[in-house]
Amino acid sequence: MSPVAPTTARFISFEGIDGAGKSTHIEALGERLRQRGAELVHTREPGGTELAESLRELILHRGMDSLTEALLVFAGRRDHLQRVIEPALAAGKTVLCDRFTDASFAYQGGGRGMDLAVLETLEQWVQGTRQPDLTLWFDLDPAIAAQRRAAAREADRFEQQDLDFFTRVRAGYAARAARAPQRFARIDASLSVPEVAAQIHRLLESRGW
Ligand code: TMP
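Residues numbered from 1 in each chain as written. Predicted model: local features only at pLDDT ≥ 70, side-chain atom pairs only at ≥ 80, totals over all residues. Heavy atoms only, no water.

### Let's talk about the packing of helix α3 (residues 66-90) against helix α5 (residues 116-127)
Where α3 contacts α5, the axes come no closer than 9 Å and their chain directions differ by 20°. What the angle tells us is that α3 and α5 run roughly parallel. Here α3 runs over α5; the crossing is right-handed. The residues of α5 that touch α3, namely those facing Leu67, Ala70, Leu71, Phe74, Arg77, Arg78 and Leu81, are Val118, Leu119, Leu122, Glu123, Trp125, Val126 and Gln127. The residue makeup of the contact of α3 with α5, split by class, is 10 nonpolar, 1 polar and 3 charged. (Axes fitted to C-alpha atoms, helices over the stretch in contact; angles between N-to-C directions. Helix = DSSP H or I, 4+ residues; strand = E, 2+ residues; numbered from the N terminus. Parallel < 35°, antiparallel > 145°, perpendicular 65-115°, else oblique. Left-handed = near helix turned anticlockwise from the far one by under 90°. Contact = heavy atoms within 4.5 Å. Nonpolar A, V, L, I, M, F, W, Y, C, P; charged D, E, K, R; others polar.)

Have a look at this one:
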């Protein structure tokens, strides 16, 4: 795992509580990188392969305890890394991944209260040293996110959770960000869509991307 990738290869993940609005911006960011010559692979977790998409259905819609949930999430991640992410990076492509392991620390760790040491072990087993080069964390007050979600589609097992759950998820992201400040960029997702897009634009400019 984790072969040295060509320098053009970039692995960018997008994180945040449900309703933070990240999906709106992934497309625009991809378009910008494409215009600058990047070959893109746009993918997501849970999911990203046929097997992992099947696991996603179970994770989002079937009742299970938090360890089972974490094991399924990481099983899907392993398949996703092996079949999609690692080959794409090895070929010099840019991978845009809608959620990755930080979500496990935020949702299973923070939200469900799982032992972080267990998650760290799974992380090590499944991905070795592989981490995104950049993680855009769309940070938003859980009360505002709940209002935004109310207008959207039917809620899955996570979206049905209460404000306390999402407050813990948010704290889980904050703790992960504090441990990897170089990798994480916090986006203020309370702002309007054009203002959030401008934040992302400035961030990429500062990296020369
Ligand atoms: P999505 O709706 O953004 O595609 O995400 C699906 C849900 O899966 C979201 O509520 C967060 C949850 N999730 C986890 O609980 N753990 C994980 O590791 C990942 C990647 C997602």
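### Let's talk about the packing of aromatic side chains
In the structure shown here, the tally under the stated rule is 8 aromatic pairs. When the ring of Tyr107 is compared with that of Tyr173, the centres are 6.4 Å apart and the planes differ by 85°; the resulting orientation is edge-to-face. Note that Tyr107 is positioned in helix α4 (residues 101-111) and Tyr173 in helix α7 (residues 163-179), a separation of 66 residues in sequence. With relative accessibility at 5%, the residue Tyr107 sits in the buried group. Joined through ring pairs, the aromatic side chains of Tyr107, Trp137, Phe158, Phe165, Phe166, Tyr173 and Phe184 make up one cluster. Sitting over the ring of Phe158, Arg157 keeps its end group 5.7 Å from the ring centre. Across from the ring centre of Phe105, 3.9 Å away, lies the NZ or CZ of Arg176, which sits over that ring. (Phe/Tyr/Trp six-rings, centres within 6.5 Å; stacked < 30°, edge-to-face > 60°. Buried < 20%, exposed > 50% of the residue type's maximum accessible area, 1.4 Å probe, protein only. Lys NZ or Arg CZ within 6 Å of the ring centre and 35° of its normal.)

### Considerations on the site of the ligand
Around the ligand, a shell composed of 15 residues is seen, among which Asp18, Arg56, Arg99, Ser104 and Gln108 lie nearest. Here Arg77 contributes a side-chain N or O atom positioned 3.1 Å from an oxygen atom of the ligand. The side chain of Ser104 places a nitrogen or oxygen atom 2.6 Å from an oxygen atom of the ligand. Against a free-state accessible area of 480 Å², the protein chains account for coverage of 96% of the ligand. Assessed atom by atom at 2 Å from the grid points, the ligand resides in the largest pocket. With 4 residues, the single largest contributor to the shell around the ligand is α4. (Near = heavy atom within 4 Å. Polar contact = N/O pair within 3.5 Å; in protein donor to acceptor, adjacent residues only side chain to side chain. Areas by Shrake-Rupley, 256 points an atom, 1.4 Å probe, with all protein chains shown as cover. 1 Å grid on protein atoms, 1.4 Å probe; cavity = no way out; pocket = protein on both sides within 12 Å on 5 of 7 lines; lining within 4 Å. Sits in = over half its atoms within 2 Å of the grid points.)

Keep in mind that these numbers describe shape and distance, not what the molecule does.
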